[in-house]
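An overview of the molecular structure
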There are 2 protein chains.
Amino acid sequence: MTIKKPANIRDIAALAGVSAGTVSRVMNDKPGVGSETRAHIARLITEYDFRGDSNARQLSLGRSDSLGVVFPLQVSEVVMHPVYPELLGSISDAALASGYDVSLFTTTAEERVEHIVDAFKRKRVDGLILPAASSDDALIQRVVDEGIPTVLVGHRQESARMTWVDCTHDQAIFDIATAMIGSGRTRLVLLNGPKRVSAYQLRSDGFWRAANDARLVDAQEIELGMSYSSGLQAAGDLFTLPRPPDAIVCSADSTAAGVLEEFKRAGIAIPMTAEVSGFDDTDFASHSTPQLTSVRMPLRETGAAAVSLLLNMIDDRTAHPAPRLLDAEVVWRASTSPVGGV
Amino acid sequence: MTIKKPANIRDIAALAGVSAGTVSRVMNDKPGVGSETRAHIARLITEYDFRGDSNARQLSLGRSDSLGVVFPLQVSEVVMHPVYPELLGSISDAALASGYDVSLFTTTAEERVEHIVDAFKRKRVDGLILPAASSDDALIQRVVDEGIPTVLVGHRQESARMTWVDCTHDQAIFDIATAMIGSGRTRLVLLNGPKRVSAYQLRSDGFWRAANDARLVDAQEIELGMSYSSGLQAAGDLFTLPRPPDAIVCSADSTAAGVLEEFKRAGIAIPMTAEVSGFDDTDFASHSTPQLTSVRMPLRETGAAAVSLLLNMIDDRTAHPAPRLLDAEVVWRASTSPVGGV
DNA sequence: GTGAAAGCGCTAACAC
DNA sequence: GTGTTAGCGCTTTCAC
């Protein structure tokens, strides 16, 4: 004969001969229960595999213990594709470690913005992590208007209930471009994504700061999709010019891979005739010929920091945690000359 | 003077001079409300931007309107990396279209299995979509035991409350290998992922079916991680053999990219000396030199089908929808000889 | 067609 | 220490 499974906290209470309140105290590790009673109740909870109903708990508490994460996951050339899975994984891990679930929203398309705001208003999520936002993102404005606790990742903008986490894209690109110039290059090109995406704007900033510091006259920036094919094509185009570049800084390894391939086809020696760098430090970068200088972003730290800041804002309605700027690391490899010259 | 925002359904009811029940009927498009009353209440709801509290609704209804999706998102060589974002995006889109949210779980590691079961038992999710499962997955057993409505993606296993969606990995690889044999190749190699992952087992099946049908004696399968670097290395190793292969079937474009690169280094002509194929039909495949024959999986359809089957099982506790097998498509390109021989 | 009332299962303030 | 009580905000019978 099988034990009828107790359905709710009152059933457990009845079994233990106590009241529901006492069981609640035990389940939430609250004080005010005698150690024997506590042990007894704990045993019953385990025995009957009782978990409670989170909807009821959340209704009572007025919160959802759930974070919304907004990711434009559609495969798109615009988007910094390789970083998403890892970032998402790290956010999820960090949330879980703090007892939060992650609710996923996959686009910021105009018609979906209201769905995200709605999720907050209906108390489905307590706050938002919003990566890769651009300054003209409609969702940002709404989030500010509604006072939704929000942490931006990769876009630096603050307001009362909004802060950000980012890494030093600009400094990394500055360091790379400066090293290229230091090794004698004068005709630099940046193959960049669209600058309305903050991460790309920052890379542009770093690139131009390096070019201007060195009073370079031949630097240029080209905006394109961050794909293998666009790198391939851009490299082809550039080398039909009368004075082709001698250094190409790419905002993605995928684009750099296209450049490498086209250079191979065209017989252009790397790094002798032209230096090339990538971004994202993918598996490709460490195994291409030549190996590709690239930039490693601190993705797991970024995710963890975003969760930590957000929980901070959720727990304390008046908190306004300072933004976090983490270090991106340049991984120097053979596609650029050694730092500091030939 | 700003209007004090009505906090709950009773406030709206008071404003409309009706009872909460009536407002509830309007919000859920239920019959039994006069059209004038309905219009009036609808107007107030819009005016005050009232949404209701989903925790309360869920408590009352006993469900969460939320689907759990389990994705091992940690960057890993074992995992079919490029398909995840798109699959996840399509699941999310389909769920949203049916009024469901998506709750994300990022690992099936032993210690996390209970967390996922827990989420169901606490009514945080109504069911599970579980992609890329392998047959020895501990979560599958738990899910069956607990009777959690579940749809497997990429692993074919059924039980009372569990069904699956998959595509024809095996047939695609069979077609490719058969075409290679048809164009005169006799020494085929499959570079495959670990066979405990069902998708890789199926590719193995298709490969060996083709090899056996043709009574090939020189076919072999090598298990490795599905990365660029493992393709690079495997290709190098294979061509130190006395009788190197004349056709390499890869279970991922990333691996095929490594093979292509190594062949280029070694001066092996493709497809003349050896044919090569990939899987996933990434951007690389359509732009490499030579362009890469690859397999395009119906990812968006897969996600949509998974959601549809799952909602079916959630709505009807006795439903046991038939599994869905979708077609994977071989995209023939220059890295293999034309279908049917030279 | 609409209102009243009884839950859904939990938490927390207040008694004792 | 522990029980009692009053919600949390919604849905849904059951009257009228």
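The structure under discussion appears in the preceding block.
To start, this report covers the structure provided alongside it. For clarity, every value in this text was computed on a predicted model and none was experimentally measured.

Helix and strand counts for chain A stand at 12 helices and 12 strands. Its C-alpha atoms give chain A a radius of gyration of 26 Å, more than 25% over the compact-globule value 20 Å for 342 residues. When the backbone C-alpha atoms are referred to their principal axes, chain A occupies close to 90 × 45 × 35 Å. When burial is assessed residue by residue, chain A has 56% of its 342 residues classed as buried. Approximately 13900 Å² of chain A is accessible, and the part contributed by carbon and sulfur atoms is 52%. Charge separation in chain A, taken as the distance between the mean sites of 33 positive and 43 negative side-chain charges, equals 6 Å.

This part is about the protein's contact with DNA strand D. In the neighbourhood of DNA strand D, 26 residues make up the surrounding shell, with Arg25, Gly34 and Thr37 of chain A together with Ile9 and Ser24 of chain B lying closest. Each atom of DNA strand D within 4 Å of the protein was classed as base or backbone; sugar and phosphate made up 65%. Take serine 19 of chain A: an N or O atom from its main chain is 2.9 Å from a phosphate oxygen of DNA strand D. Within the contact set of DNA strand D, a base oxygen lies 2.5 Å away from a side-chain nitrogen or oxygen of arginine 25 of chain A. Counting residues per element, the surface near DNA strand D draws most heavily on helix H4 (residues 54–61) of chain B, which supplies four residues. Of the residues in the surface near DNA strand D, the class split is seven nonpolar, 13 polar and six charged.

It is worth spelling out unusual backbone geometry at this point. Residue and element names in this part refer to chain A. Here the amide bond leading from isoleucine 270 into proline 271 is cis, since omega sits at 5°, within 30 degrees of zero. By secondary structure assignment, the location of proline 271 is in the loop between helix H11 (253–266) and strand E9 (275–277). One non-glycine residue, arginine 215, lies in the positive phi region at around 55°. Take arginine 215: it is sitting in the loop between helix H9 (198–213) and strand E7 (220–223). Residue classification places arginine 215 among the exposed positions, given a relative accessible area of 72%. The backbone of aspartate 280 sits at a positive phi, close to 115°, despite the residue not being glycine.

Residues and elements named next belong to chain A. Taking every second residue as pointing to the same face, both faces of strand E4 (residues 150–153) are buried, with Thr150 and Leu152 on one and Val151 and Val153 on the other. Where strand E3 (residues 127–131) and E4 come together, four bridges link them in parallel fashion. Bridging from a neighbouring strand, proline 131 pairs with valine 153 of E4. Between the parallel elements E3 and E4, the chain passes through helix H7 (residues 138–146) in a crossover that is right-handed. Where E4 meets strand E5 (residues 162–167), four bridges bridge the pair, whose relative direction is parallel. The residue of E5 that forms the bridge with leucine 152 is tryptophan 164.

Residues and elements named next belong to chain B. Structurally, alanine 306 can be placed in helix H12 (residues 299–315). With a relative accessible area of 0%, alanine 306 lands in the buried category. Once the C-alpha coordinates of alanine 306 and glutamate 221 are considered, the two residues, 85 residues apart in sequence, prove to be 31 Å apart. Excluding its chain neighbours within four sequence positions, the residues that come into contact with alanine 306 are Ile129, Val151, Val153 and Val165.

Another aspect to go through is helix H10 (residues 228–238) of chain B. Residue and element names in this part refer to chain B. Summarising burial for H10: eight of the 11 residues are buried, a large majority. Those residues of H10 that sit buried are Tyr228, Ser229, Ser230, Gly231, Leu232, Ala234, Ala235 and Leu238. Structurally, H10 contributes buried residues whose contacts are with strand E6 (188–192), strand E7 (220–223), strand E8 (247–250) and helix H11 (253–266).

So, on to the packing of aromatic side chains. For any pair of aromatic rings, geometry is given as the distance between the ring centres together with the angle between the planes. All chains considered together, the criterion is met by eight aromatic pairs over all chains. Aromatic pair phenylalanine 71 of chain A and tyrosine 84 of chain A: ring centres 4.8 Å apart, planes at 85°, arrangement edge-to-face. Of this pair, phenylalanine 71 of chain A sits in the loop between strand E1 (66–70) and helix H5 (84–97) while tyrosine 84 of chain A sits in helix H5, and the two are 13 residues apart along the sequence. Each member of the pair, phenylalanine 71 of chain A as well as tyrosine 84 of chain A, carries the same accessibility label: buried. Summarising the aromatic geometry, the rings of phenylalanine 284 of chain A and tyrosine 228 of chain B are spaced 5.1 Å apart at their centres and angled 65° between planes, so their arrangement reads as edge-to-face. With phenylalanine 284 of chain A in the loop between E9 and strand E10 (294–296) and tyrosine 228 of chain B in helix H10, this residue pair bridges two chains. This pair shows no difference in class: phenylalanine 284 of chain A is buried, exactly as tyrosine 228 of chain B is. Directly above the ring of phenylalanine 174 of chain A sits arginine 209 of chain A, whose terminal nitrogen or CZ lies 4.0 Å from the centroid. Its guanidinium or amino end placed over the ring of phenylalanine 279 of chain B, arginine 203 of chain B lies 3.6 Å from that ring's centre, counting from NZ or CZ.

With that settled, the discussion passes to the packing of helix H8 (residues 169–182) of chain A against H9 of chain A. Residue and element names in this part refer to chain A. Here H8 crosses H9 at 35°, and the two axes come no closer than 7 Å. For the pair H8 and H9, the sense of crossing is right-handed. Contacts from His169, Asp170, Gln171, Ile173, Phe174, Ala177, Thr178 and Ile181 of H8 reach H9 at Ala199, Leu202, Arg203, Gly206, Phe207, Arg209, Ala210, Ala211 and Asp213.

Our next topic: the interface of chain B and chain A. Contacts between chain B and chain A engage 54 residues on the former and 54 residues on the latter. Summing the contributions of chain B and of chain A, the shared interface buries around 4900 Å²; its carbon and sulfur component is 45%. At the surface where chain B touches chain A, the tally comes to 14 salt bridges. One salt bridge in this structure joins glutamate 114 of chain A and arginine 51 of chain B, with 3.9 Å as the shortest N-O distance. For the side of chain B that touches chain A, the elements supplying multiple residues, two or more each, are H4, helix H5 (83–97), strand E2 (101–105), helix H6 (110–121), H10 and H11 of chain B. Of the residues that constitute the side of chain B that touches chain A, the class distribution is 14 nonpolar, 18 polar and 22 charged.

This brings us to helix H9 (residues 198–213) of chain B. Residue and element names in this part refer to chain B. Between its terminal C-alpha atoms H9 stretches 22 Å, which fits the 22 Å expected from 16 residues at 1.5 Å a residue. All of the buried residues in H9 are Ser198, Ala199, Tyr200, Leu202, Arg203, Ser204, Gly206, Phe207, Ala210 and Ala211. Contacts from the buried residues of H9 go to strand E5 (162–167), helix H8 (169–182), E6, E7 and E8. Arginine 215 sits one or two positions beyond H9 and adopts a positive phi of about 55°.

Attention shifts here to the relation of the copies chain B and chain A. Superposing chain B onto chain A requires a rotation of 180° together with a translation of 0.0 Å along the rotation axis, leaving an RMSD of 0.1 Å. Here the copies are linked by what is in effect a two-fold axis. Residue serine 103 of chain B of chain B places its C-alpha closer to the rotation axis than any other residue of that unit, at 2.2 Å. The residues that chain B uses at the interface reappear at the interface of chain A in 100% of cases, marking a shared surface.

Quick notes on the rules
- By convention here, each chain's residues receive numbers from 1 onward along its written sequence.
- All chains are assigned letters beginning with A, and all ligands numbers beginning with 1, in the order in which they are written.
- With pLDDT at 70 or above as the cut-off, local features in this predicted model cover only qualifying residues; side-chain atom pairs require 80 or more to be listed or tallied, and sums for whole chains, interfaces and linings still use all residues.
- Remark: hydrogens and water are excluded; side-chain values derive from all non-hydrogen atoms of the structure.
- Going along the chain from the N terminus, every DSSP run of H or I of four or more residues is numbered as a helix, and every run of E of two or more is numbered as a strand.
- Here the globule rule is a power law, 2.2 Å times the number of residues to the power 0.38, and the radius of gyration is based on C-alpha atoms.
- Only protein chains enter the area calculation, which uses a 1.4 Å probe; residues under 20% of their type maximum are buried, those over 50% are exposed, and those in between are partly exposed.
- Per-residue accessibility takes into account occlusion by the displayed protein chains alone, with areas from the Shrake-Rupley method and a 1.4 Å probe.
- Only four residue types enter the tally: Lys and Arg on the positive side, Asp and Glu on the negative side; His and the chain ends are excluded.
- Here the site of a charge means atom NZ of a Lys, CZ of an Arg, CG of an Asp or CD of a Glu.
- We call a residue near a molecule or strand as soon as one heavy atom of that residue lies within 4 Å of the molecule or strand.
- Contacts described as polar in this section are N or O atom pairs within 3.5 Å, which, within protein, must combine one atom able to donate a hydrogen with one able to accept it, while residues neighboring in sequence count only if both atoms come from side chains.
- All amino acids are sorted into three groups, where Ala, Val, Leu, Ile, Met, Phe, Trp, Tyr, Cys and Pro are nonpolar, Asp, Glu, Lys and Arg are charged, and the leftover types, Gly among them, are polar.
- Pairs of strands are assigned from DSSP output, requiring at least two bridges between the strands.
- Every crossover in which the path from the first strand over the helix to the second runs clockwise, viewed with the strands pointing away from the viewer, is termed right-handed.
- By definition in these notes, contact holds between two residues if any of their heavy atoms fall within 4.5 Å.
- Between the rings of Phe, Tyr and Trp (Trp by its six-membered ring), a pair exists once the centres lie within 6.5 Å; its type follows the angle of the planes, with under 30 degrees stacked, over 60 edge-to-face, and the other angles tilted.
- In this analysis the charged atom, NZ for Lys or CZ for Arg, is taken to sit over a ring once it is within 6 Å of the ring centre and within 35 degrees of the ring normal.
- Angles shown run from 0 to 180 degrees and are taken between the N-to-C directions of axes, each axis being a line fitted to C-alpha atoms and, for helices, limited to the stretch in contact.
- For a crossing to be left-handed, the near helix must be turned anticlockwise from the far one by less than a right angle; the clockwise case is right-handed.
- Buried area counts how much accessible surface, traced with a 1.4 Å probe, disappears from two parts once they are put together, with both parts' losses summed.
- Definition used for salt bridges: Asp or Glu carboxyl oxygen within 4 Å of a side-chain nitrogen of Lys or Arg.
- In a helix, the anticipated span is given by 1.5 Å times the number of residues less one.
- In superposing the copies, a least-squares fit is computed on C-alpha atoms, taking residues whose pLDDT is at least 70 in both.

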